[in-house]
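# Structural description and commentary
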Amino acid sequence: MSHTEPRTTTTARTSRTAMLYRVLWCVAAVLGAVDFFYPKHVAYKIEEFPAFYGIFGFVVAVGAIFIARELHKVLKRSETYYDR
Amino acid sequence: MIADLPPGLILVLGALLAPLLRPTLRSAYLVLLPALALAQLLSLENGIHGQFQMFGHVLTLLRIDALARVFALIFVIAALVCAVYGWRERDAVQQVSSQIYAGAAVCAVLAGDLVSLFIFWELTAIASVFLIWAARNERAYRAGMRYLIIQIASGVILLAGIILHYRATGSIAFGALSAATLPGGLILLAVGIKAAFPLLHAWLPDAYPKATLFGSVVLSAFTTKLAVYALARGYAGTEILIWIGAAMAIYGSIFALIEDNLRKLLAYSLNAQLGFLVVAVGVGSPLALGGAAGHAVSSILYMLLLFMCAGAAISATGRETLSSLGGLGRQMPWTAALCVIGAASIAALPGTSAFVTKSLILSSLTKAGLQIPWLLLLAAAALTVVHTAIRVPYHVFFARAEASARREAPLEMRFAMTATAALLLVVGFLPGAFYALLPGNISYSPYSLGHIVTQLQLVIFAALGFAMLRRHKLDPQLRNATNIDADWLYRRLLPSIMSAFGSMISHIHFRTLARAQVRLNRFIAAVYRHHGPQGALARTWPVGSTVLWVAVLLCVTLVFYYVE
């Protein structure tokens, strides 16, 4: 049975997650830096902003998660809400 | 005549024979049917085939051009994938209804006139509801009923639109329509219900997660994309669709962010992806329409793949929510890897099909100078990375183990998923060959350095945003909750208004009755007072009282006589 198999310990998992998180930061930094080293062909002025796509993606993701979190507080019901 | 046989009818008619076969033979037969339909579709030349007269009208069962061909092709391929995925399915109801459903969708995209379109439109609705009911529980039964009512309503509105359109133009041909006329508006409303426009969409996240696991895979492919085809055929370049589509993409994304139920999350994600297609139809340039057709192919494939992975994970654990799943990658490495490919595709990472198709849509927006819709779609693309591309594989396969799978997915399921993933990658790596299939003679090169870098930035930074919030425990806590959506209007508000109205009516009824009773009692009491045993008029004998009344009458007569 699978639950008798040895599981990754919590500390090992935490350190792996921490490493992954750091790698993600590094990749993001590299991608942001790349933006300065190639000629851009832009349709809109806003795209000329350094790492526009990255910053836009980050801000949208964080902003939307906060909005969604507040919305969830308003919209959440118990799982059996419609069964009653 | 057999040369002109519509490919969809091979599925519809062929499926009716399936229940006669033994279960083992039946699975092979159900894979053979879409394969035959595919061969038949590929053998048909572009043009008009299979016309016949009925009640003085010419019905066209086969009108094949680039747009119809792309949709028919991906529908037949989706039917094939579903048949392989459902190889072990032994429920004849699901086997037959899934093939009829797919066949009807193929027939509908190839139909050249509105009457044939209507017939197959309704057939998709009726065939598909059995995939929901096949779950055979109370929730699924009720969700199926709601689904059927809404789908049939869409069909009825479509029919009304068609009849008015025929009266106005004298033609039943299915071509460009105008949303500004009454018939065109009605047909747009019917299509909008099926395409899950915002606030008309609630049937989708309501019904799809309650179908069987096999059923929700099949459902994800056809209904909504058929509606997108109808939009592209009838309403290309209708400006309002740009805004409706952008709203869909954002609305679906926000709800997907706060959904814990795996299949419901995917349903919202599907709804958001449809927004991209609707925007593209609204732009209506050749590039945009090519992008709509191409991205419809991509989104059918990656939604199929994600629903198949979800089905495999749920059937292996018996758990439905992200918060109760996790750590399945160890026991299901194949499914986990394929899910990551599906996730990469929906995030439109370079090398996947969505990268080469979504960029057509975004470019068509910049070419048309539509900056706000472009920004909205870019935002929706960033949110897709978070709500589906990261959350689904992370919470199901990689996060802390909450569940344990009994086994890896069966071989046939893995085969279907691998084939779908392979298609996604093939399209991603060979965009030129794929663009040649699309309408609008697209010449576009997605793999420019700038495009690759900007797309990677969008994906990685959005992922970073999610990772950062999760690290600081700021992501929404979703365990044991359900979110109310527009379906609340007809599942809670309308019933409560109805019951309030009902209780008001009964209140008025009882009060009126009670008042009438009081009056009646008073009247009886008055009569009793005067005529009862102690009453003034009962003191004399009846003869005396009669004499009194005669005297009164005489007086009255005398007075009248005198007045005259």
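Analysis parameters
- Sequence order as written defines the numbering, with residues in each chain counted from 1.
- Naming scheme: in the order in which they are written, chains are lettered from A and ligands are numbered from 1.
- Residues qualify for local features only when their pLDDT is at least 70, as the model is predicted, and side-chain atom pairs are given and counted only at 80 or more; totals for whole chains, interfaces and linings, by contrast, use all residues.
- Helix and strand definitions follow DSSP, with helices as H or I runs of at least four residues and strands as E runs of at least two, each counted in order from the N terminus.
- Partly exposed residues are those whose C-beta has more than 12 but fewer than 20 other C-beta atoms within 10 Å; 20 or more makes a residue buried and 12 or fewer makes it exposed, with C-beta atoms placed from the backbone.
- We compute the radius of gyration over the C-alpha atoms and compare it with the globule rule, which gives 2.2 Å times the number of residues raised to the power 0.38.
- By the criterion used throughout, residues are in contact when their C-beta atoms, derived from the backbone, lie within 7 Å.
- Angles here are taken between N-to-C directions and fall from 0 to 180 degrees, while the axes themselves are lines fitted to C-alpha atoms, restricted in helices to the stretch in contact.
- Angle categories: roughly parallel below 35 degrees, roughly antiparallel above 145, roughly perpendicular from 65 to 115, and oblique for all the rest.
- Left-handed describes a crossing in which the near helix is turned anticlockwise from the far one by less than a right angle; the clockwise case is right-handed.
- Throughout, the ten residues Ala, Val, Leu, Ile, Met, Phe, Trp, Tyr, Cys and Pro are labelled nonpolar, Asp, Glu, Lys and Arg are labelled charged, and all others, Gly among them, are labelled polar.
- For two strands to be treated as a pair, DSSP must find at least two bridges joining them.
- Joining buried Ala, Val, Leu, Ile, Met, Phe, Trp, Tyr and Cys residues through C-beta atoms within 7 Å gives a set, and that set is a nonpolar core.
- Helices are assigned an expected span. That span is 1.5 Å times one less than the residue count.
- One confidence number per residue, pLDDT, is output by the predictor and ranges from 0 to 100.

## With respect to the overall build of chain A
Summing up its helical and strand segments, chain A has 2 helices and 1 strand in all. For chain A, the proportion of its 84 residues judged to be buried stands at 18%.

## Some thoughts on the overall build of chain B
Counting its regular elements, chain B contains 21 helices and 3 strands. Radius of gyration (C-alpha) of chain B: 32 Å, far over the 24 Å computed for a compact globule of 564 residues. Each principal axis of the C-alpha distribution contributes one length, and for chain B these read about 120 × 65 × 60 Å. Counting every position in chain B, which comprises 564 residues, the buried fraction comes to 56%. A sequence separation of at least 24 residues applies to 80% of the contacts in chain B between residues at least 6 apart.

## A closer look at the packing of helix H1 (residues 7-17) of chain B against helix H2 (residues 23-43) of chain B
Residue and element names in this part refer to chain B. Two numbers describe how H1 lies on H2: the axes approach to 8 Å, and their chain directions differ by 160°. Compared by their axis directions, H1 and H2 come out roughly antiparallel. In this structure, H1 crosses over H2, and the sense of that crossing is right-handed. Counted together, Pro7, Gly8, Ile10, Leu11, Gly14 and Ala15 of H1 and Leu33, Pro34, Leu36, Ala37, Gln40 and Leu41 of H2 form the full contact between these two elements. Each residue belonging to the contact of H1 with H2 can be placed in one class, and the counts come to 9 nonpolar, 3 polar and no charged.

## Considering the interface of chain A and chain B
At the interface, 41 residues of chain A touch 40 residues of chain B. Among the elements of the structure, helix H1 (10-34), helix H2 (52-75) and strand E1 (76-77) of chain A are those that each provide at least two residues to the side of chain A that touches chain B. With 17 residues, the single largest contributor to the side of chain A that touches chain B is H2(A). Grouping the constituent residues of the side of chain A that touches chain B by class yields 26 nonpolar, 7 polar and 8 charged. Here 2 bridges tie E1(A) to strand E3 (residues 482-483) of chain B, and the two strands are oriented antiparallel to one another. Opposite Arg77(A), over in E3(B), you have Thr482(B) as the bridge partner.

## A closer look at the pairing of strand E2 (residues 57-64) of chain B
All names here are of chain B. For strand E1 (residues 47-54) and E2, the ladder comprises 7 bridges, and the chain directions are antiparallel. Along E2, the bridge assignment pairs Ile48 with Arg63. Taking the residues between adjacent antiparallel strands as the criterion, E1 and E2 are bridged by 2 residues, where Phe55 takes a positive phi near 50°.

## Structural notes on the nonpolar core
Residue and element names in this part refer to chain B. By size, the foremost hydrophobic cluster in this structure holds 224 residues, and its most contacted members are Phe75, Val228, Leu377 and Ala462. With 21 residues, helix H13 (residues 286-317) is the largest single contributor of residues to this core. In this structure, Phe75 is in contact with Ala102, Ala105, Val106, Val109 and Phe222, ignoring residues within four places of it in sequence.

## Here we look at H13(B)
Three or four residues apart is the spacing at which side chains of an α-helix point the same way, because the helix has 3.6 residues per turn. With 32 residues, H13(B) extends 46 Å between its outermost C-alpha atoms, agreeing within 8% with the 46 Å of an ideal straight helix rising 1.5 Å per residue. Note on H13(B): the residue one or two positions beyond its end, Gly318(B), has a positive phi of about 75°.

## Quick look at the confidence of the model for chain A
Residue and element names in this part refer to chain A. The pLDDT averaged across chain A works out to 82; a share of 85% of its residues lies at or above 70. Averaged pLDDT values over the elements of chain A bottom out at 84 in H1 and peak at 92 in H2. Counting interchain partners and residues more than four positions distant, the pLDDT-below-50 stretch residues 1-6 has 4 contacts.

## Some details on the environment of Ser154(B)
Residue and element names in this part refer to chain B. Tracing the sequence through the fold places Ser154 in helix H6 (residues 138-169). Taking C-alpha positions, Ser154 is 36 Å from Pro431, a pair spaced 277 residues apart along the chain. Once residues lying within four places of it in the same chain are set aside, the contact partners of Ser154 are Ala190, Ile193 and Lys194.

## Side note on the packing of helix H5 (residues 114-133) of chain B against helix H9 (residues 213-221) of chain B
Residue and element names in this part refer to chain B. Packing of H5 against H9 brings their axes to within 8 Å, and their N-to-C directions diverge by 150°. Of the possible angle classes, the one that applies to H5 and H9 is roughly antiparallel. Where H5 crosses over H9, the handedness of that crossing is left-handed. Note on element contacts: H9 touches H5 through Gly215, Val218 and Leu219, opposite Ser128, Leu131 and Ile132.

## Brief notes about unusual backbone geometry
All names here are of chain B. Backbone geometry at Ala348 places phi at a positive 60°, although glycine is not the residue there. With 28 C-beta atoms counted inside 10 Å, the residue Ala348 sits in the buried group. A positive phi angle is found at Asn441, which is not glycine, with a value near 40°. Position of Asn441 relative to the elements: it lies in the loop between helix H18 (431-435) and helix H19 (449-471). The class for Asn441 is exposed, based on 11 C-beta atoms found within 10 Å.

## Regarding the environment of Ala221(B)
All names here are of chain B. Inspection of the secondary structure assignment puts Ala221 in helix H9. Judged by C-beta crowding, with 27 C-beta atoms within 10 Å, Ala221 ranks as buried. Sequence spacing of Ala221 and Ala78 is 143 residues, and the spatial spacing of their C-alpha atoms is 6.8 Å. Look past the residues within four positions of Ala221 in its chain and what remains in contact with it is Ala78, Ile300 and Leu304.

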